[in-house]
Amino acid sequence: MNITEVRVKLTEAKKNRLQAFCSITIDNDFVVRDLKIIEGYKGAFVAMPSRKLADKCPKCNSKNHLRSRFCNDCGAKLNDKRALGESGDESKGKFKLYADTAHPINSKCRDEIEQKVLAAYKEESEKAKQPGYKPPAMEVPDLDFDEDNTNS
Ligand SMILES: [Zn+2]
């Protein structure tokens, strides 16, 4: 696999752990958007595009994010431990609120993506320090980001 282009759009909020949105082009042919660069405890890392997991309200069958405590549609109180699964035990590690929509299936590929994306991020960050910096035109998803979307 060849990553032929990386685009980086830095986020405005410097205090946020979300540093940038990225897109990568593979073999000049295929684009994956909405990768994120997140400042972690051990430095920046790349998060794959993901979607929020949802489940259905037992009363009205509407879909709600696993974090929701009340149904968005009918307002019924939802079991706020349901994301924890059977055990209902928060201490049993991180429960899943997100699922990656595109991701590498081996560490070689993951490393390659991470290296290229982080290099492009560094470059863009340097450029951003120059006067008259113009951020690249790039569509970014709605800022619907939770701090806990950090699966590394
Ligand atoms: Zn409902």
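Everything quoted here is computed from the prediction, not taken from an experiment.

**Things to note about the overall build of the chain**
Helix and strand counts for the chain come out as one helix and eight strands. The N-to-C order of helical and strand elements in the chain reads β-β-β-β-β-β-β-β-α. For the chain, buried positions account for 34% of its 152 residues. Taking the intrachain contacts of the chain between residues at least 6 apart in sequence as the baseline, contacts between residues at least 24 apart amount to 46%.

**Observations regarding the coordination of the zinc ion**
Bound to the zinc ion are the protein donor atoms C57 (SG), C60 (SG), C71 (SG) and C74 (SG), situated 2.3 to 2.4 Å from the metal. One way to put it: the four donor atoms around the zinc ion meet at angles of 105 to 113°, and that makes the site tetrahedral. Motif for the zinc ion, donor spacing along one chain: C-x2-C-x10-C-x2-C. Note that C57 is positioned in the loop between strand 6 (54–56) and strand 7 (63–65) and C74 in the loop between strand 7 and strand 8 (98–100), a separation of 17 residues in sequence.

**Some details on the nonpolar core**
Judged by nonpolar contacts, the single largest core of 17 residues is most densely connected at V8, I24, L35, I113 and V117. Among the secondary structure elements, those contributing two or more residues to this core are strand 1 (3–10), strand 2 (18–26), strand 3 (30–40) and helix 1 (107–129). At five residues, the largest contribution of residues to this core is made by helix 1. Contacts of I113, omitting those with residues within four sequence positions, involve M1, I3, I24, L35, M48 and P104.

Rules of the game
- Residues numbered from 1 in each chain as written.
- Predicted model: local features only at pLDDT ≥ 70, side-chain atom pairs only at ≥ 80, totals over all residues.
- Heavy atoms only, no water.
- Helix = DSSP H or I, 4+ residues; strand = E, 2+ residues; numbered from the N terminus.
- Buried < 20%, exposed > 50% of the residue type's maximum accessible area, 1.4 Å probe, protein only.
- Contact = heavy atoms within 4.5 Å.
- Donors = N, O, S within 2.8 Å, 3.2 Å for Na, K, Ca; no water.
- Tetrahedral: all angles 85-135°; square planar, octahedral: opposite > 155°, others 65-115°.
- Core = buried A, V, L, I, M, F, W, Y, C linked by side-chain atoms within 4.5 Å.

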